[in-house]
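Structural overview
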Amino acid sequence: MQLGIRKLIQFGRTVEDYTLVSILIGMMLLAVTQIFLRNIFESGLSWIDPLVRIGVLWIALIGAMIGTRKGGHISIDILAQYIPEHLKSVLVRVTSVISASICGLMSWVSIKFLIEEYEYGITAFGSVPAWPFELIIPIGFSVMTLRFATLIITGHQEEDS
Amino acid sequence: MSYLLTSAAIVSALIGVPLFLVILFGASIGFSQSDIDLMVLPIDLYRLTESSVLMALPLFAFAGFLLSEAKTADRLVRVSMAALGWLPGGMMIIGLITCAFFTMLTGGSGVTIVALGALLLPAYTQSGYPERFSLGLITTSGSMGLLLPPAIPLILFGIIAQQMDIPGVDIADLFVAGIIPALVMILALYFYGLWAMRHAPAPTQPFNVKELLSSANESKWELGIPVIVLGGVISGVLVLSEAAAVTALYVLIVEVLIYKDIKPRQLVKIMQNSMVMVGGILLILGVALSFTNFLVDAQVPEKIFDVIREKIDSKWAFLLSLNVFLLALGAILDIFAALIIMVPLILPIAIEYGVDPVHLGIIFVANMQIGYFTPPVGMNLFIASYRFNKPISELYRATIPFMLVLMVVVLMITFIPELSLWLID
């Protein structure tokens, strides 16, 4: 059972890593293709620009998800630099309770947002629906909620490979 | 109730809750008070997809992290040593220039000190510089280059100003405006170093054409990067996001296929590390969109302006107090978060006082640059202390003289707007 959960967590991390890699490489290639199309053939593919811009949103959220598992978020860390070692896990637990609650709230409102976008049939570009691209917002915040919740229990950041 | 929640948000920022969550917290409080559905938060976050220029941030950062993992630093030190080693104090210029090269791509996130520190510290001490002087110079150099194109802080300032519909803020203008102030900073540190070492100047290296040519040949691929960025953007052939894509792809090919410094399997890790940094910046930007909209709707900048106008009536007095405020801010807050949170509040006020928005951008970033090594909490002090295994108090003493020199330069940048604006007009 324990082993199963560990494997599941590891699988999730691998999916995150490779989604990030594919989006970043895809963005570079698509943008460079577009430059060639525009400057040499004086044309361009209309779906590249919106797709690349959506890539930025995905990178933002996946970067933040990975940041949560590595403890790499931008924060004011003066207190953590100066408090004694044995109080650090208390500090981690307190900040994680706050962080998990805010992420939880954000997951909830973004699920509501997604359902509305689906029901109203909002499109991202052309006739492509927007909701699959927006899916990363609730996924990202739910995963971060879980990770912060884990930190409340363990009290310290696990080593991440 | 609202005061209680607002204080809770401030306390959570101070104890180290990630800043994007603090901003979300603040925005949720504000919107709930005004009976606005919190669904506005994901809606505003999705607005990150409205602007193409944002793509420049992940791509430049990826390029910068790639360079810092490759042996670029060794090659750059070698070529600049060959080009400038014959100058008195040439080693200092070499350190400053190579640091600036890294920082302009990685945004002073501490990557510079980590990537270059291990190389520069022994190079300085072997060239005859005292250890404390070398430590101070490297820690200071770690944020040098934040004003050189394609500096991510300047891009971010431009993006924020454009989102606020402030006219006359072009990112290419910001790039040009930063060049002279950045050079003045480098020269000021160089001349201070010459003066400080006047009793025991470090030996110089004889100039050697062969070495210069062979080292330039070795690093020619990397020396081409500024040409792509500056040439592409300032000539107008490429827009910024395109230049970023070309740069990232170019650096990827050069480091993986030509120099073979980076193995393909290292790429995942490098992408992870760079995107954790960028993801943080982008999310802060995305959630701050909501928050600043709320502040602007509530006319907060106007209210602050009314309050400070009673105490400060001249533009120069305003700029001086702005310097003090930004220095303190730069010491406690990450430069990107500081830009995203403070520019929407400060920019409208500065315009009321008649400050040119481009000039403000340069003042803002220049102050933040010093904040990185302002005791007691500047981030680069901790990074250098960790990297060189020295007590933090020793770094305070080592860095303070350099900090004072740069403070004088920041005052010059503030009170002589022509330094920034001359090349634009």
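Conventions used here
- Within every chain, residues take consecutive numbers counted from 1 along the sequence as written.
- All chains are assigned letters beginning with A, and all ligands numbers beginning with 1, in the order in which they are written.
- Thresholds applied to this predicted model are a pLDDT of at least 70 for local features of residues and 80 or more for the giving and counting of side-chain atom pairs; totals over whole chains, interfaces and linings are not thresholded and use all residues.
- Side-chain measures were taken over the full set of non-hydrogen atoms in the model, leaving aside hydrogen atoms and water.
- Here a strand is any run of E in DSSP of at least two residues, a helix any run of H or I of at least four, and the numbering for each starts at the N terminus.
- With the radius of gyration taken over C-alpha atoms, the globule rule is written as 2.2 Å times the number of residues to the power 0.38.
- Residue exposure (1.4 Å probe, protein chains only): buried if accessible area is under 20% of the type maximum, exposed if over 50%, otherwise partly exposed.
- We call two residues in contact when some of their heavy atoms are within 4.5 Å.
- Charged residues are defined here as Lys and Arg on the positive side and Asp and Glu on the negative side; His and the ends of the chain fall outside this count.
- Note on charges: their place is set at NZ of Lys, CZ of Arg, CG of Asp or CD of Glu.
- pLDDT is defined as a per-residue confidence score from the predictor, taking values between 0 and 100.
- Under the convention used throughout, the expected extent of a helix is 1.5 Å for every residue step, that is, one less than its residue count.
- A 1.4 Å probe defines the accessible area here, and the buried area is the portion of it lost by two parts on being joined, summed over both.
- The salt bridge criterion pairs a side-chain nitrogen of Lys or Arg with a carboxyl oxygen of Asp or Glu, the two atoms within 4 Å.
- N or O atoms closer than or at 3.5 Å make up a polar contact, with two conditions inside protein: a donor-capable atom paired with an acceptor-capable one, and, for residues adjacent in sequence, both atoms drawn from side chains.
- Note that Gly is not counted as nonpolar here; it falls among the polar residues with everything else outside the nonpolar set of Ala, Val, Leu, Ile, Met, Phe, Trp, Tyr, Cys and Pro and the charged set of Asp, Glu, Lys and Arg.
- Pairs were defined over the aromatic rings of Phe, Tyr and Trp, the Trp ring being its six-membered one, requiring ring centres within 6.5 Å. Orientation was assigned from the angle between planes: stacked under 30 degrees, edge-to-face over 60, tilted for the rest.
- Here, a charge over a ring means that NZ of Lys or CZ of Arg falls within 6 Å of the ring centre while also lying within 35 degrees of the ring normal.

Things to note about the overall build of chain A
When you go through chain A residue by residue, the secondary structure sums to six helices and two strands. The helix and strand sequence of chain A, counted from the amino end, reads α-α-α-α-β-β-α-α. Here the C-alpha radius of gyration of chain A, 20 Å, is well above what a compact globule of 161 residues would show, namely 15 Å. Along the three orthogonal principal directions, the C-alpha set of chain A runs to about 65 × 35 × 35 Å. Relative to its 161 residues, chain A shows a buried fraction of 42%. Looking at chain A alone, contacts between residues at least 24 apart form 74% of all its contacts between residues at least 6 apart. Taking the 11 positively charged and 13 negatively charged side chains of chain A as two groups, their mean positions are separated by 7 Å.

With respect to the confidence of the model for chain A
Looking at chain A, the pLDDT average stands at 88 and 97% of residues meet or exceed 70. Within chain A, the lowest mean pLDDT, 76, falls on helix 3 (residues 78-82) of chain A, and the highest, 94, falls on helix 6 (residues 136-154) of chain A.

A short note on helix 8 (residues 131-141) of chain B
For helix 8 of chain B, the buried fraction is high: nine of the 11 residues fall into the buried class. The complete set of buried residues in helix 8 of chain B reads B:Phe133, B:Ser134, B:Leu135, B:Gly136, B:Leu137, B:Ile138, B:Thr139, B:Thr140 and B:Ser141.

Re helix 12 (residues 220-235) of chain B
All names here are of chain B. Taking 1.5 Å as the rise per residue, helix 12 with 16 residues should run 22 Å; its terminal C-alpha atoms sit 22 Å apart, in good agreement. Residues of helix 12 that are buried: Glu-222, Gly-224, Ile-225, Ile-228, Val-229, Gly-232 and Val-233. Looking at the residues trailing helix 12, positive phi occurs at Gly-236, about 90°.

Quick notes on the interface of chain A and chain B
Listed as interface residues are 59 residues of chain A and, on the opposing side, 61 residues of chain B. Carbon and sulfur atoms supply 80% of the area buried between chain A and chain B, which totals about 5,100 Å² over both sides. Considering only the surface of chain A that becomes buried against chain B, A:Met28, A:Ile74 and A:Ile76 emerge as the three largest contributors, covering 15% of it. Counting across the chain A and chain B interface gives two salt bridges. Linking chain A with chain B are four residue pairs in polar contact (both at pLDDT 80 or more), by the criterion used here. Of all elements in the fold, only helix 1 (2-40), helix 2 (48-70), helix 3, helix 4 (88-120), helix 5 (131-134) and helix 6 of chain A reach the threshold of two or more residues within the side of chain A that touches chain B. Here the side of chain A that touches chain B is composed, by residue class, of 41 nonpolar, 10 polar and eight charged.

Re the packing of aromatic side chains
The final tally for this structure, using the stated rule, is 13 aromatic pairs over all chains. Look at A:Tyr118 and A:Trp131: their rings are 5.4 Å apart centre to centre, the planes differ by 85°, and that puts the pair in the edge-to-face class. Taken together, the residues span a long stretch of sequence, with A:Tyr118 in helix 4 and A:Trp131 in helix 5 at a distance of 13 residues. For A:Tyr118, a relative accessible area of 54% puts it in the exposed group. Here a set of aromatic residues connected by ring pairs shows up, and it is made of B:Tyr124, B:Tyr129, B:Phe133, B:Tyr192, B:Trp195 and B:Phe402. Seen from the ring of B:Tyr259, B:Arg75 lies directly overhead, with NZ or CZ sitting 3.6 Å from the centre. Cation over ring: B:Arg198 sits above B:Trp195, and NZ or CZ is 4.2 Å from the ring centre.

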